[in-house]
Amino acid sequence: MGVEEEYLLVDAEGVPTGVADAAVRAYERGGGEPADEGEPGGGLEKELQEQQIETGTHPCVDLAELAAELRDGRRRAAGAAQQAGGRLVAVATSPVPGPTTLSHGARYEAMAQTYALTVREQLTSGCHVHVSVEDDDEAVAVLDRIGPWLPVLLALSVNSPYWRGEDTGYASIRSQLWNRWPTAGPTAPFGSVQAYRDTVAGLVATGAALDPAMIYFDARLSPRYPTVEIRVADVCLRADDAVLVAALARALVETASRQAADGFAPTHTRVEPLRAATWRAARTGLAGDLLVPPTLTPVPARDAVAQLLDHVRPALQDSGDLTTVQELLAGLWQRGTGADEQRAWAFEGGLPGVVEHAVEATLA
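Residues numbered from 1 in each chain as written. Predicted model: local features only at pLDDT ≥ 70, side-chain atom pairs only at ≥ 80, totals over all residues. Heavy atoms only, no water.

Colleague: Sorry if this is basic, but what is going on with the overall build of the chain here?
Modeller: A tally of regular secondary structure across the chain gives 13 helices and eleven strands. Relative to a compact globule of 364 residues, whose C-alpha radius of gyration would be 21 Å, the chain shows 19 Å and is just as compact. Expressed as lengths along the three principal axes of its C-alpha atoms, the size of the chain is roughly 55 × 45 × 35 Å. Split into buried and exposed, the 364 residues of the chain put 57% on the buried side. Here the contacts in the chain between residues at least 6 apart in sequence split such that 75% fall between residues at least 24 apart. (Helix = DSSP H or I, 4+ residues; strand = E, 2+ residues; numbered from the N terminus. Rg over C-alpha atoms; globule rule 2.2 N^0.38 Å. Buried < 20%, exposed > 50% of the residue type's maximum accessible area, 1.4 Å probe, protein only. Contact = heavy atoms within 4.5 Å.)

Printed below as a string of structure tokens:
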């Protein structure tokens, strides 16, 4: 598995600042590993806006290795940002209002022309977990079975309560803003690789996506690597929470693959309940009810997380991850989600104070 994290770049006052291009150049001038489209991990990459930057881990098997890679990536990105006159912060939307500046490139310009305000206001940062699979048949079988559990991963990662200087009332406003894209969100079962490919081709043909890389499903077949890519989570404030999300994502993929091999059918057939479950997770995170399969009826968040853990327990035991996941969950319950921490900091010192604390937590 591997993890890609998107971060916000801010100035000394906590305002988003467009220094991504300068940060990447500074990183590579200093001998940093350049991003390679064919080989995951190691480099720094620009994103849609100049106020963002992305890192990715190399493929990892062990959670301790993944944690070390995530922390190293954050440290490298923070150093590059500092050289460019900015600071790195792992929040999924900016607490402080600020500008967006489109990154250079013909593809980004085409996106801005086609999707207009959706692009201009798209300053959001996510966490994408890649889990390797044998082939596309296994990948689609996994996609068809993990969808009902993905909102629980979102609830564990929520880290975007503020938008344009206001408390939105959501724990993850990022997910609501992201779903403006015409290809974003949960999906119904595809049933076959050909059906998945036909769906992607149809979306590109209609202009809903410029190319397959703009297929923004909550989980998809990666257009770059032989993986299932789970994209539902906010970027996590703390590296420990990113490790937790990745471990559970890998266990979900393994569990779904075993279910498919054993002939278990998907538990959902329609997308509408999944959209409701995603909205519920975005609205309250771990502070309210969540919808879990097979019925997708509301249960307290602690119960929902416990049910997810039970669902993937055999996979976690087989990978040796169960104890680590339990410890990471205990830490999350004790301190709260990124959204919880941001709101606590805002109560103490206002929104600029949120950014100051978050900059420190990013590298903790």
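Now that the structure has been shown, we can carry on.
Colleague: Got a minute to help me understand the packing of aromatic side chains in this structure?
Modeller: Where two aromatic rings form a pair, the distance of their centres and the angle of their planes describe that pair. Tallied over the entire structure, the rule returns seven aromatic pairs. Look at Y115 and W181: their rings are 5.5 Å apart centre to centre, the planes differ by 70°, and that puts the pair in the edge-to-face class. Here the residue Y115 occupies a position in helix α3 (residues 106-115), and W181 occupies one in the loop between α7 (173-178) and α8 (193-206), the gap between them amounting to 66 residues. Considered together, Y115 and W181 belong to a single accessibility category, that of buried residues. Where Y196 meets F217, the ring centres are 6.2 Å apart and the plane angle is 80°; that geometry is what we call edge-to-face. With Y196 in helix α8 and F217 in the loop between α8 and β8 (219-221), this pair connects stretches of sequence that are 21 residues apart. Looking at Y196, the relative accessible area reads 6%, which means it is buried. Taken together, the ring pairs connect Y115, W178, W181 and Y216 into an aromatic cluster. When the ring centre of Y170 is taken as reference, the NZ or CZ atom of R283 above it lies at 5.7 Å. Over the face of the ring belonging to W333 we find R302, whose NZ or CZ atom lies 4.1 Å from the ring centre. (Phe/Tyr/Trp six-rings, centres within 6.5 Å; stacked < 30°, edge-to-face > 60°. Lys NZ or Arg CZ within 6 Å of the ring centre and 35° of its normal.)

Colleague: Before we go on, may I ask you to explain the nonpolar core in this structure?
Modeller: A general trend in soluble globular proteins is that nonpolar side chains are found buried together. Counting residues in each nonpolar core, the largest one holds 87 residues, and the members touching the most others are L153, W181, I230 and L248. In terms of residues, this core owes the most to one element, helix α9 (residues 239-261), which gives twelve residues. If near-sequence neighbours (up to four positions away) are discounted, L248 is found in contact with L153, L156, L308, L309, V312, L316 and V325. Listed in part, the 18 residues of the second largest apolar core include V24, L44, I53 and A92. (Core = buried A, V, L, I, M, F, W, Y, C linked by side-chain atoms within 4.5 Å.)

Colleague: How should I be thinking about unusual backbone geometry in this particular structure?
Modeller: Comment: phi is negative for the bulk of residues other than glycine, and the bulk of peptide bonds are trans. Residue P293 is joined to P294 through a cis peptide bond whose omega torsion reads 5°. Its place among the elements puts P294 in the loop between β10 (289-292) and β11 (297-300). Even without being glycine, A116 reaches a positive phi, approximately 50°. Take A116: its relative accessible area is 34%, and that puts it in the partly exposed class. One non-glycine residue, R164, adopts positive backbone phi at about 55°. Take R164: it is sitting in the loop between β6 (162-163) and β7 (166-167). The exposure class of R164 is exposed, given its relative accessible area of 52%.

Colleague: Before we go on, may I ask you to explain the pairing of strand β3 (residues 52-56) in this structure?
Modeller: Side chains on a regular strand alternate between the two faces of the sheet. The buried fraction of β3 amounts to five of the five residues, a majority that puts the element mostly inside the structure. Side-chain alternation along β3 places Q52, E54 and G56 on one buried face and I53 and T55 on a second face that is also buried. Sheet topology note: the strand β1 (residues 2-10)/β3 ladder contains five bridges and is antiparallel. Residue pairing for β3: E4 is matched across the bridge by G56. (Pairing = 2+ DSSP bridges.)

Colleague: Got a minute to help me understand helix α10 (residues 272-284) in this structure?
Modeller: An α-helical turn contains 3.6 residues, so any two residues separated by three or four positions project in the same direction. Look at α10: 19 Å from first C-alpha to last across 13 residues, which is about the 18 Å you get at 1.5 Å a residue. When we look at burial in α10, the residues that qualify are L274, A277, T278, A281, A282 and T284. Looking at the buried residues of α10, the elements they touch are α6 (150-157), α7 and β10. Positive backbone phi, approximately 60°, marks G285, located one or two places after α10. (Expected span 1.5 Å × (residues − 1).)

Colleague: Is there a simple way to explain the pattern of salt bridges in this structure?
Modeller: Pairing is possible between side chains of opposite charge, provided their charged atoms come close. Applying the stated criterion across every chain, the model contains 23 salt bridges. One salt bridge connects E121 with R180, and the closest N-O pair in it is separated by 2.8 Å. Of this pair, E121 sits in the loop between α4 (117-120) and β5 (126-132) while R180 sits in the loop between α7 and α8, placing them 59 residues apart in sequence. Under the relative-accessibility criterion, R180 is labelled partly exposed at 36%. A single network of salt bridges, built from pairs that share partners, joins D21, R25 and K46. (Salt bridge = Lys/Arg side-chain N within 4 Å of Asp/Glu carboxyl O.)

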